[in-house]
Amino acid sequence: MSVVDQISENLIKGKAKEVKELVEKAIQEKTNPADILNKGLLAGMGLIGERFKKNEVYVPEVLIAARAMKAGMEVLKPLLASAGVQPVGTVVVGTVKGDLHDIGKNLVCMMLEGAGFKVVDAGINVEPEKFVQLAKENNAGLIGASALLTTTMTNMKSVVDAVKSAGLSGTIKVMIGGAPVTQAFADEIGANGYAPDAASAADLAKELAGKK
Ligand code: B1M
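Residues numbered from 1 in each chain as written. Predicted model: local features only at pLDDT ≥ 70, side-chain atom pairs only at ≥ 80, totals over all residues. Heavy atoms only, no water.

Q: Just to check I follow, could you spell out the coordination of the cobalt atom of the ligand for this structure?
A: Around a metal, the ideal angle is 109.5 degrees if four donors adopt a tetrahedral arrangement and 90 or 180 degrees if six donors adopt an octahedral arrangement. You will see that the cobalt atom of the ligand has only one donor from the protein, His 101 (NE2), lying 2.2 Å away. Along the chain, His 101 falls in the loop between β1 (90-96) and α5 (103-114). (Donors = N, O, S within 2.8 Å, 3.2 Å for Na, K, Ca; no water. Helix = DSSP H or I, 4+ residues; strand = E, 2+ residues; numbered from the N terminus.)

So this is what it looks like as structure tokens:
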């Protein structure tokens, strides 16, 4: 089995130490950094995402796999920049104003990173204008808003409106998700997309970024 396949396999099993060592080995063997990323780390994370969508694995397995991916990324990141490997896109992710739930939002961040995005984590209780400010500062084409309360999901419309008010509807797309959120709600508030879970959020982000 090639070293990139071993990286992918160990990532799926959540073996952070092994993934880090295998990435180091691949670098020593002069494997192309883009292959280590795409065929090793991202391929493994993609498979975990597929299994998560099918309920074959659950939140803990995804978190452990994401930790393994981070261990590999720490070694690989400096090489990616010098090899000219660009992220798929940049996305600002946060939980909307008034809402402190962040477990789902953090999962979404991890799956987006696993899909090759640069993720700017805005945190929780994020003001609509803050989403826009961070998107502008980081040249992000996407905002991801999460809400877990029926009382705060209405603040997602304020995020869509803040993007509009800044005159950026053409350049910044807004995707939403969270337990009480539905596609019908996304359509109603004029969001660009809705995803029911973290793995689907990564698929949707790629679609919205024109990478799928
Ligand atoms: Co809260 N809480 N909570 N809570 N809490 C819920 C959401 C609730 C359903 C519990 C209940 O009553 N049965 C209820 C909401 C009711 C409603 O609005 N209809 C509720 C309530 C009422 C409250 C408080 C108001 C309680 C109180 O103080 N009286 C309070 C509100 C605080 C606030 O936010 N202002 C509150 C507080 C808390 C804790 C702080 C104690 C804690 C949060 C800890 C934390 O996040 N760090 C908490 C928790 C843990 C929950 C439950 C138990 C679990 C939520 C969770 O993390 N799920 C929840 C009940 C439940 O769901 N069983 C509940 C796991 C997570 C992986 O799933 O976040 O849905 P989820 O994310 C999924 C998808 O939704 C999707 O992908 C994720 C993974 O696949 N997704 C996206 C999420 N964001 C996305 C964004 C996307 C795309 C997909 O694109 C951008």
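Q: Just to check I follow, could you spell out helix α7 (residues 155-165) for this structure?
A: Within an α-helix, residues lying three or four positions from one another point in the same direction, as the helix has 3.6 residues per turn. By the burial criterion, the buried members of α7 are Met 156, Val 159, Val 160, Ala 162 and Val 163. Projection of α7 onto a plane perpendicular to its axis shows the buried side chains occupying an angular sector of 160°, all on one side. On its buried face, α7 is in contact with β1, α6 (128-137), β3 (142-146), β4 (173-177) and α8 (183-189). Following α7 by one or two positions, Gly 167 adopts a phi angle in the positive range, close to 70°. (Buried < 20%, exposed > 50% of the residue type's maximum accessible area, 1.4 Å probe, protein only. Arc of directions from axis to C-beta. Contact = heavy atoms within 4.5 Å.)

Q: What's the story with helix α4 (residues 59-82) in this structure? I'm lost.
A: With 24 residues, α4 extends 34 Å between its outermost C-alpha atoms, agreeing within 8% with the 34 Å of an ideal straight helix rising 1.5 Å per residue. Maximum bend of α4: about 45°, positioned at Leu 76, with proline Pro 78 one to four residues after it. Those residues of α4 not exposed but buried are Val 62, Ala 65, Ala 66, Ala 68, Met 69, Ala 71, Gly 72, Met 73, Val 75, Leu 76 and Leu 80. Buried residues along α4 sit in contact with α1 (3-12), α2 (16-28), α3 (33-53) and α5. (Expected span 1.5 Å × (residues − 1). Bend = angle between axes of the 7 residues up to and from the residue.)

Q: Looking at this structure, I do not really get the pairing of β1. What am I missing?
A: Working note: regular strand, side chains alternate between the two faces of the sheet. Burial analysis of β1 places seven of its seven residues in the buried class, the great majority of the element. Alignment of β1 against strand β2 (residues 118-126), held across six bridges, turns out to be parallel. Paired with Gly 94 across the strands is Gly 123, a residue of β2. In this fold, the crossover linking β1 to β2 by way of α5 has right-handed handedness. (Pairing = 2+ DSSP bridges. Right-handed = clockwise from strand over helix to strand, strands pointing away.)

Q: Help me understand the layout of surface pockets in this model?
A: Gaps left between atoms are located by rolling a probe of water-molecule size over the structure's atoms. Approximately 500 Å³ is the volume attributed to the largest pocket. Around the largest pocket, the lining is made up of 19 residues, and of these Met 73, Lys 77, Leu 80, Phe 117 and Lys 118 lie nearest the centre. Residue contributions to the lining of the largest pocket peak at seven residues, all from α4. A per-class count over the lining of the largest pocket returns 11 nonpolar, three polar and five charged. What the second largest pocket holds in volume is close to 300 Å³. (1 Å grid on protein atoms, 1.4 Å probe; cavity = no way out; pocket = protein on both sides within 12 Å on 5 of 7 lines; lining within 4 Å. Points joined across faces, edges and corners; volume = space filled by probe spheres on them. Nonpolar A, V, L, I, M, F, W, Y, C, P; charged D, E, K, R; others polar.)

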